[in-house]
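What the coordinates show
The primary structure of each chain is shown beneath.
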There are 2 protein chains.
Amino acid sequence: MVGEHAIHNMKVILLKDAVVPITLRAVQFGFSTYEALRIIEGKVVHLDDHLNRLEHSCKGIGLVHPFSQEEIERAVYQLIEVDEIERASLRIQIYGGDEPQLFVTATTILSYPESYYTKGVGAISYHGERLFPSCKTGNLLLNYLAVEEAKRQTCFEALLVDRTGRVLEGTRSNFFALKENSLYTAADDEVLLGITRDRVLKAASLLGLSIVYEAPTLSDLASGVYEQAFISATSMAAMPLASLDGRPFNDPFPKILAIRDLVRGWELQD
Amino acid sequence: MVGEHAIHNMKVILLKDAVVPITLRAVQFGFSTYEALRIIEGKVVHLDDHLNRLEHSCKGIGLVHPFSQEEIERAVYQLIEVDEIERASLRIQIYGGDEPQLFVTATTILSYPESYYTKGVGAISYHGERLFPSCKTGNLLLNYLAVEEAKRQTCFEALLVDRTGRVLEGTRSNFFALKENSLYTAADDEVLLGITRDRVLKAASLLGLSIVYEAPTLSDLASGVYEQAFISATSMAAMPLASLDGRPFNDPFPKILAIRDLVRGWELQD
């Protein structure tokens, strides 16, 4: 059953024992990296891409650990076997320092009502820049506070705005805006290199959209320069935004939903 | 004995049981605050100031918890009693979210060889800005990496330089520079409001120095505009810098050591 066990340093443990000492420096300082994945039909979606990005995150912050990609892959499938997992959200987490620790945990799969896709979800803007944009690390206070503020405003996501007023990405998603036949998004080196983002770009090209690597500014978004916008993430695929800071985008969202369907369709092909 | 027990949510536990679940959102996102204190002769140095700052940090990031200052104070003295602590470094840590958790732990007191004070310690400069300058939170990846880089260069501390080239503070210290008869340091709202910083400013005034609330720029420091510089923290009191990025400051450090002595002398008076 999902959530009964976890993997700690290649050993099966009970999930309730997946804990870290608060006296550990890496825990106190958030010197950690992670990946969030999906398991569908007992298969881990785009596992290689996630393991490559995990390694990229570790390299990016100088987190040295002894776990090879092959070992981590084995750990993931060990958890799937012991808990007989068919569908789940999966998390791989590595703490660095003198005693590096690897955890693999699974929870009930994160999924959203179909209405989130047909009606879109609300987003707010939030000023702040992530420390290592291309790495998934434990340095997530900005993301936490931004999402909390979004929830307070009964919104789903907060979009992070940099010091020059550009909307780079969401707290747990990449961000895209549509204008005429073009898809606008931040350049590769400015944001998290989303594994779903890659698929979104491929799907958008297939659908005849031109890709423009230029982050929309908040002021252009606020003044209606873009017709539509959406966010992407492993759990969301492509999810349309109904509004940003209360200003509605045009609906319905046939192109965005077509991107979503292509991205979901590719989940079981690797 | 120091380090045998800990306090968790007002209960005495074994230190080895002071752990947090890695599945907890507050742990994953570093949604936490902390204080580092000193116990000397069984007394907690400046405890009220630390508890006030802890509350300030919680308010600053919207961390709501049920622990009153009186309760935390009782928890601290409970740990001192159960482990018969005379001297130690103490850490109070609060994780936020749906299930707030408070921990109090003690370790062997952090102290430094006298030569660190008579000869000074090396520092490097490191570009980066803390997210909530006045709060002590778990969002510490920048601090971690900056100190690691300092260690690689066989230095003791890294000084954080903001986007405009000003040296605001160290990763675990406040920063001061001396020029003629003046002491330069960043303004209150730009840095951690160090409890030792307060005492340093008071000591400096007593010694006849003028306080100038203006953060030294890295280029002025590099070109020798300041004669001496030092850092302050609970564990250090005032510690002279021998060099910054390899460029030596003038020695010996009679004024800085006089500040250190005054600050240490006030530790047992509250």
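1. Section: the relation of the copies chain B and chain A
Both copies of the chain are related through a single rotation about an axis accompanied by a shift along the same axis. Superposition record for chain B on chain A: RMSD 0.0 Å, screw rotation 180 degrees, translation along axis 0.0 Å. Within this description, the copies of the chain are treated as partners about a two-fold rotation axis. When you check the interface residues of chain B against chain A, 100% turn up at the interface there too, and the contact is symmetric in its surfaces.

2. Side note on the pattern of salt bridges
Oppositely charged side chains are able to pair whenever their charged atoms sit close together. The tally for this structure, following the rule as stated, stands at 32 salt bridges over all chains. Residue E148(A) pairs with R25(B) through a salt bridge whose shortest N-O separation is 3.6 Å. Of the two residues, E148(A) sits in helix 5 (residues 141–152) while R25(B) sits in helix 1 (residues 25–28), which places them in two different chains. Here R166(B) ties to E190(B) by a salt bridge, and the two come within 2.8 Å at their closest N and O atoms. A residue pair is termed long-range when its members are at least 10 positions apart, and R166(B) in the loop between strand 9 (157–161) and strand 10 (167–170) and E190(B) in the loop between strand 12 (182–185) and helix 6 (195–206) qualify at 24 residues. Connected through shared salt-bridge partners, R25(A), E148(B) and K151(B) make up one network.

3. Quick look at the sheet that holds strand 7 (residues 101–107) of chain A
Residues and elements named next belong to chain A. Read from one edge to the other, the open sheet built from six strands follows the order 2-1-7-6-4-5, with strand pairing classed as antiparallel. Only two strands of the sheet have a single partner each, and these edge strands are strand 2 (11–14) and strand 5 (43–44). Alignment of strand 4 (residues 32–40) against strand 6 (residues 88–95), held across eight bridges, turns out to be antiparallel. When the sheet's bridge partners are listed, A36 is paired in strand 6 with R91.

4. Examining the sheet that holds strand 5 (residues 43–44) of chain B
Residues and elements named next belong to chain B. Taken in spatial order, the six strands make up an open sheet running 2-1-7-6-4-5, and their pairing is antiparallel. The open sheet has two free edges, formed respectively by strand 2 (11–14) and strand 5, since each of these has just one partner strand. For strand 1 (residues 5–8) and strand 7 (residues 101–107), the ladder comprises two bridges, and the chain directions are antiparallel. Across the sheet, residue H8 finds its bridge partner in strand 7, namely F103. Docked against the sheet, helix 2 (residues 47–61) engages strand 4 (32–40), strand 5 and strand 6 (88–95), running at close to 175 degrees with respect to strand 4.

5. Some details on the packing of helix 6 of chain B against helix 8 (residues 254–265) of chain B
All names here are of chain B. Two elements in contact, helix 6 and helix 8, have axes whose closest approach is 9 Å; the angle formed by their N-to-C orientations is 120 degrees. Comparing the axis directions of helix 6 and helix 8 gives the class oblique. Two packed elements cross with a definite hand, and for helix 6 against helix 8 that hand is right-handed. Of the residues in helix 8, those in contact with T196, R199, V200, A203 and A204 of helix 6 are I259, L262 and V263. Considering only residue class, the contact of helix 6 with helix 8 consists of six nonpolar, one polar and one charged.

6. Focus on helix 6 of chain B
Taking 1.5 Å of rise per residue, 12 residues should cover 16 Å, and helix 6 of chain B covers 17 Å from first to last C-alpha, within 8% of that figure. Looking at the residues trailing helix 6 of chain B, positive phi occurs at G208(B), about 90 degrees.

7. Notes on the pairing of strand 10 (residues 167–170) of chain A
Residue and element names in this part refer to chain A. Here strand 9 (residues 157–161) pairs with strand 10 via three bridges, running antiparallel. Residue V161 lies in a different strand from strand 10, and its bridge partner there is V167. Taking the residues that link successive antiparallel strands as the turn, the strand 9-strand 10 hairpin has five residues, and the phi of G165 there is positive, at about 85 degrees.

8. Section: helix 2 (residues 47–61) of chain A
Counted at 1.5 Å a residue, the expected span for helix 2 of chain A with its 15 residues is 21 Å, and the 21 Å between its end C-alpha atoms agrees. Among the residues of helix 2 of chain A, L47(A), H50(A), L51(A), R53(A), L54(A), S57(A), C58(A) and I61(A) are the ones counted as buried. In an axial view of helix 2 of chain A, the angular spread of the buried residues amounts to 165 degrees, which keeps them on one side of the axis. Elements in contact with the buried residues of helix 2 of chain A: strand 4, strand 5, helix 3 (69–82), strand 6 and helix 6 (195–206) of chain A together with helix 5 (141–152) of chain B. G62(A) occupies a position one or two residues after helix 2 of chain A and carries a positive phi of about 70 degrees.

9. Looking at the nonpolar core
Formed by 92 residues in total, the largest nonpolar core has its most connected members in L90(A) and L90(B). Contacts of L90(A), omitting those with residues within four sequence positions, involve E35(A), A36(A), L37(A), I39(A), V44(A), V76(A), L79(A), V104(A), T105(A) and A106(A).

10. With respect to the domain arrangement of chain A
Residue and element names in this part refer to chain A. Per the domain assignment, the segments making up chain A are domain 1 (5–107) and domain 2 (115–265). Each of domain 1 and domain 2 has a C-alpha centre, and the two are 26 Å apart. Across the contact, 16 residues belong to domain 1 and 16 residues belong to domain 2. Taken together, the two surfaces of domain 1 and domain 2 that pack against each other cover about 1400 Å², and 56% of this comes from carbon and sulfur. At the junction of domain 1 with domain 2, the criterion picks out one salt bridge. Linking R199 and D49 is a salt bridge whose minimum nitrogen-to-oxygen distance equals 2.7 Å. Taken together, the connections running from domain 1 to domain 2 amount to seven residue pairs in polar contact (both at pLDDT 80 or more). Elements with a minimum of two residues in the side of domain 1 that touches domain 2: strand 4 and helix 2.

11. A few points about the packing of aromatic side chains
Counted according to the given criterion, the structure contains 15 aromatic pairs over all chains. Both rings, one in Y184(A) and one in Y226(A), keep their centres 5.3 Å apart while their planes meet at 70 degrees; by these two values the pair is edge-to-face. With Y184(A) in strand 12 (residues 182–185) and Y226(A) in the loop between helix 7 (218–222) and strand 14 (228–233), this residue pair connects regions lying 42 residues apart in the sequence. Residue classification places Y184(A) among the buried positions, given a relative accessible area of 10%. For Y226(A), a relative accessible area of 5% corresponds to the buried category. Residues Y116(B) and F156(B) carry aromatic rings whose centres are separated by 5.6 Å and whose planes lie at 85 degrees to one another, so their mutual orientation is edge-to-face. Here Y116(B), found in helix 4 (residues 114–118), pairs with F156(B), found in the loop between helix 5 and strand 9; they are 40 residues apart in sequence, far enough to count as distant. On the basis of relative accessibility, which here comes to 12%, the residue F156(B) falls in the buried class. Lying across the ring of W266(A), K202(A) places its NZ or CZ 4.2 Å from the centre. Cation over ring: R172(B) sits above F156(B), and NZ or CZ is 4.6 Å from the ring centre.

12. Comments concerning the pairing of strand 8 (residues 121–127) of chain A
Residues and elements named next belong to chain A. In terms of burial, strand 8 is largely enclosed, as six of its seven residues are buried. Pairing between strand 8 and strand 15 (residues 237–244): three bridges, direction parallel. Across the sheet, the residue bridging to G122 is S243, located in strand 15. Of the strand pairs in this sheet, strand 8 and strand 9 are connected by five bridges, and their pairing is parallel. When the sheet's bridge partners are listed, Y126 is paired in strand 9 with L160.

The rules behind these values
- Residues take numbers from 1 onward in each chain, read along the sequence in its written order.
- Here chains are named by letter from A upward and ligands by number from 1 upward, in the order in which they appear as written.
- Totals for whole chains, interfaces and linings use all residues, but because this is a predicted model, local features are given only for residues with pLDDT of at least 70 and pairs of side-chain atoms are given and counted only at 80 or more.
- Processing note: side-chain calculations cover all non-hydrogen atoms of the structure and skip hydrogens and water entirely.
- Here the copies are matched by least squares. The fit uses the C-alpha atoms of residues with pLDDT of at least 70 in both.
- Whether two residues touch is decided by their heavy atoms; if any such pair falls within 4.5 Å, the residues are in contact.
- Whenever a carboxyl oxygen of Asp or Glu lies within 4 Å of a side-chain nitrogen of Lys or Arg, that contact is scored as a salt bridge.
- Numbering of helices and strands starts at the N terminus; helices are DSSP runs of H or I of at least 4 residues and strands are runs of E of at least 2.
- A pair of strands is considered paired only if DSSP assigns at least 2 bridges between the two.
- All axes here are fitted lines through C-alpha atoms, helices being fitted over the stretch that makes contact, and every angle between N-to-C directions spans 0 to 180 degrees.
- Roughly parallel here means an angle under 35 degrees, roughly antiparallel means over 145, roughly perpendicular means 65 to 115, and every remaining angle is called oblique.
- Handedness of each helix crossing follows the sense of rotation of the near helix against the far helix: counterclockwise by less than a right angle gives left-handed, clockwise gives right-handed.
- Nonpolar residues are Ala, Val, Leu, Ile, Met, Phe, Trp, Tyr, Cys and Pro. Charged residues are Asp, Glu, Lys and Arg, and all others, Gly as well, are polar.
- Each residue after the first adds 1.5 Å to the expected span of a helix.
- The buried label goes to any residue with under 20% of its type's maximum accessible area, the exposed label to any with over 50%, and the partly exposed label to all in between, with areas taken from a 1.4 Å probe on protein chains only.
- When we speak of the arc, we mean the arc of directions from the helix axis to the C-beta atoms.
- Among buried residues, the Ala, Val, Leu, Ile, Met, Phe, Trp, Tyr and Cys ones that are joined through side-chain atoms within 4.5 Å form a nonpolar core.
- Domain extents, as shown, originate in an automatic or database domain assignment.
- Accessible area that two parts lose when put together, evaluated with a 1.4 Å probe and summed over both, is termed the buried area.
- Within 3.5 Å is the distance limit for a polar contact, defined as a pair of N or O atoms, with the added protein rule that one can donate a hydrogen and the other accept it, and that residues adjacent in sequence qualify only through two side-chain atoms.
- The rule is short: rings of Phe, Tyr and Trp, with Trp giving its six-membered ring, pair when the centres are within 6.5 Å, and they are stacked under 30 degrees, edge-to-face over 60, tilted in between.
- Definition used: whenever NZ (Lys) or CZ (Arg) falls within 6 Å of the ring centre and also within 35 degrees of the ring normal, the charge is taken to sit over that ring.

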